[in-house]
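# Summary of the model geometry
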Amino acid sequence: MLATNRVMDYNGYPLEKRGRAAGKGMNGTNWDYSVFWKEAIKQIRDEISDQEFMMWFNNISYETSRENEVVIAVPSSFYRDQVKQRYLELIEGKLLELSGNKMSLDFEIKKSAPKEPVEPKSPRAAAGPEPMKKNRSAHTQLRKEYNFENFVIGVNNSFAANAAIAIAKNPGTAYNPCLIYGGVGLGKTHLIQSIGNSVFREFEGSKVVYVTAENFTNEFILAIRDKTTHRFKNKYRNTDVLLIDDIHFLQDKTGIQEELFHTFNALYETNKQMVFTCDRPVSELKALSDRLRSRFERGLNVDLQPPSYETRYAILKKKIENSRISIPEEVVALICNNVTTNVRDLEAALTKLVAYAELVNKNINLEIAQSQLKDIFSNPRQNNVTIDLIKRVVADYFGLSHNDLSGKKRTKSIAFPRQLAMYITREITEYSTIEVGLDFGGRDHTTVMYACQRIENKMKMDPTLEPILQHLIRSIKEHSTKF
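Residues numbered from 1 in each chain as written. Predicted model: local features only at pLDDT ≥ 70, side-chain atom pairs only at ≥ 80, totals over all residues. Heavy atoms only, no water.

## Here we look at the confidence of the model for the chain
A residue-level look at the chain finds 85% of positions with pLDDT of 70 or above and a mean pLDDT of 81. Within the chain, the element-level pLDDT minimum falls on helix α2 (residues 50–56), averaging 70, and the maximum on strand β6 (residues 241–245), averaging 95. Predicted confidence is poor over residues 130–134, with pLDDT under 50, and the contacts of this stretch with residues over four places away or in other chains come to 14 contacts. (pLDDT = per-residue confidence, 0-100. Helix = DSSP H or I, 4+ residues; strand = E, 2+ residues; numbered from the N terminus. Contact = heavy atoms within 4.5 Å.)

In C-alpha cells form, the structure reads like this:
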C-alpha cells in the first residue's frame, strides 16, 4: 500500500473533501455520490433483518447524483411511497453522517430497475433442499399472484410477513412448525401460499403440498371409503413443505385430528416444514385434542391484525397500479377511512369502482365513489365499533368510569361489567382475545376467554342478563354510526 499523509475515511476517500468536492468530476459540475450511497446501504443492511433488506432495498439502485442530491431508481410509485414512508429519514441521516452535507433523495420510476443479488449473511443449512437450477412451471395448487412481492407489509403484519419470508428461504430449519392466525381477509392464505410459491420456485425437486383443512378431511374420508389410505399417507408424509389452511375446521373431527397428529410427527422427525393457518389462537380451539394442540404450539405462532390506515392506503395504491383506471387520492382516502375491517373488503370496494368505470365509461370522482360504495360503507362491519367505544357505553350503563374497566380493581361491581364488555367485544368485533386483553389493562388472553365463558354461563342461569346485553349492543351500534 502506498504511503500518504492525507487522512482517508473508511471508503478510501480523502476526508477533507467529503461533502465539498467529493461529488465533482473534472469539470466541476458532474456530481457523484455513489460512494456515500453504497456505504449508507451497507450500514443499513447491518441494522435491519435480511428479509426486510431483501424486500425493500433489493429493488432500489443508484441512478445518478446532483449537487447535494442522490437520485435512485425504484420499480414503481408504490415502492417509492413505501421507501419514503419507511426509510427516507434513515437513508438521508446516513448520507449526512457519511458526507458531512445534508443530502436529499430523488426517485425515478423504472419498471426494469436493476437488482443486485444479495447473499444471505449465514450459509444455508445443510438440511435444506438444494437451490433450483432452472425455472419450474407454476404450482398447480397455488395461485401465482399470491407472492411476497404483492404482499403489503405494515405494522399489523410485519412480524408474520418476515417470519414467512424467513421460512421460505430456509424451509424445515427454523420456525417449524409455524401457525399464522387472524381474522377473515387479513392475508393468511396469501402468506401461506407465498411460502409455497417461493419454495417451489427456488428449490429444485422440492415437493410442496397445499390444502385446506376441509379438503384434507374430505380426502381422508374418501381414502377410507376406497381403501386407499396408504396413498393418502404417502402424499402427505413424503413432502418437503406441507401447508394446511384453516385448521379451525378440524374441531370436533377426532378421526382426522388423529391422522394429522401422525402426519405431523412423521414430518417433524424428518425436518420437513409445516405451516398452518387458523382464524384464532390455537388455545381458543375448543374441540381439539391436547396432543395436537401442543404440536401446533411447539413452533412459532404469529398473528395478523386488522390493517392500519397507512397499510390500507398502501394496499389500495398497489392494487390501483395493477388496474386499468385512475382513481384520485381523495377517493383512496375515502375508502380507507370507511373500510376498516380487512383487505378483502378493501378489494371489494375497489373492484366495484373499477367495474363501474369500465362499464359506464366514466372517470371516478369523489361523488361517484360515495354513491357507488354507500352500501359497503353502511355495512355494520364497517361501523366504528372500537374497544374504547364499548368500554365507554358499558361503563356509563353501570355508573363507572372508562378507566375502571381497564384498571386493576377486581371488586364485583367492576369485575362483572368488565367481563361483560370483554364478551361484547368478542361478539360484535373481530378483535382477537390477545388484542382485547391488551386493551383491558394488559390482561392475558386466557383472562378474556374466562370472562366470555363466565358471561355465557350467567346467561343460562339469569334470564335478565340477555335483555341487558342486547340493550348494550344496540347502544354501542347506535353510537358508532355517529362517528
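## As for the pattern of salt bridges
It is possible for side chains bearing opposite charge to pair when their charged atoms get close. Within this structure, the stated rule accounts for 16 salt bridges. One salt bridge in this structure joins D226 and R225, with 3.1 Å as the shortest N-O distance. The exposure class of D226 is partly exposed, given its relative accessible area of 43%. The shortest N-O distance in the salt bridge between E259 and K233 comes to 3.0 Å. Residue E259 is located in helix α8 (residues 254–269), and its partner K233 is located in helix α7 (residues 229–237); the two are separated by 26 residues in the primary sequence. By relative accessible area, which is 5% here, E259 ends up buried. Looking at K233, the relative accessible area reads 28%, which means it is partly exposed. It is possible to trace a salt-bridge network through shared partners that takes in R66, E69 and D106. (Salt bridge = Lys/Arg side-chain N within 4 Å of Asp/Glu carboxyl O. Buried < 20%, exposed > 50% of the residue type's maximum accessible area, 1.4 Å probe, protein only.)

## Looking at the packing of helix α10 (residues 309–321) against helix α11 (residues 329–338)
Where α10 meets α11, the closest approach of the two axes is 9 Å, and the angle between their N-to-C directions is 130°. With respect to each other, α10 and α11 are oriented oblique. As α10 runs across α11, the sense of the crossing is right-handed. On the side of α10, the interface is formed by Y309, R312, Y313, L316, K317 and I320, while α11 contributes E329, V332, A333, I335, C336 and N337. (Axes fitted to C-alpha atoms, helices over the stretch in contact; angles between N-to-C directions. Parallel < 35°, antiparallel > 145°, perpendicular 65-115°, else oblique. Left-handed = near helix turned anticlockwise from the far one by under 90°.)

## Examining helix α6 (residues 213–226)
With 14 residues, α6 extends 20 Å between its outermost C-alpha atoms, agreeing within 8% with the 20 Å of an ideal straight helix rising 1.5 Å per residue. Taken together, the buried positions of α6 are occupied by A213, F216, T217, F220 and A223. The arc that holds the buried residues of α6, viewed along the axis, is 125°, so those residues lie on one side. Opposite the packed face of α6, turned more than 90 degrees from it, sit the exposed residues I221 and R225. (Expected span 1.5 Å × (residues − 1). Arc of directions from axis to C-beta.)

## Observations regarding the sheet that holds β6
Consider a sheet: its strands pair through backbone hydrogen bonds, and that pairing is either parallel or antiparallel. With parallel pairing, five strands are arranged side by side in an open sheet as β5-β6-β7-β4-β8. The open sheet has two edge strands with one neighbour each: β5 (208–212) and β8 (300–304). The average angle at which neighbouring strand axes cross in this sheet is 15°, direction not considered. Bridge count for strand β4 (residues 178–182) against β8 is five bridges, and the pairing is parallel. The partner of I180 across the bridge, within β8, is V302. Together, β4, β7 (273–278) and β8 form the strand contacts of helix α4 (residues 158–169), whose direction differs from that of β8 by roughly 135°. Sitting on the sheet, helix α5 (residues 188–202) is in contact with β4, β5, β6, β7 and β8, with an inclination near 165° to β6. (Pairing = 2+ DSSP bridges.)

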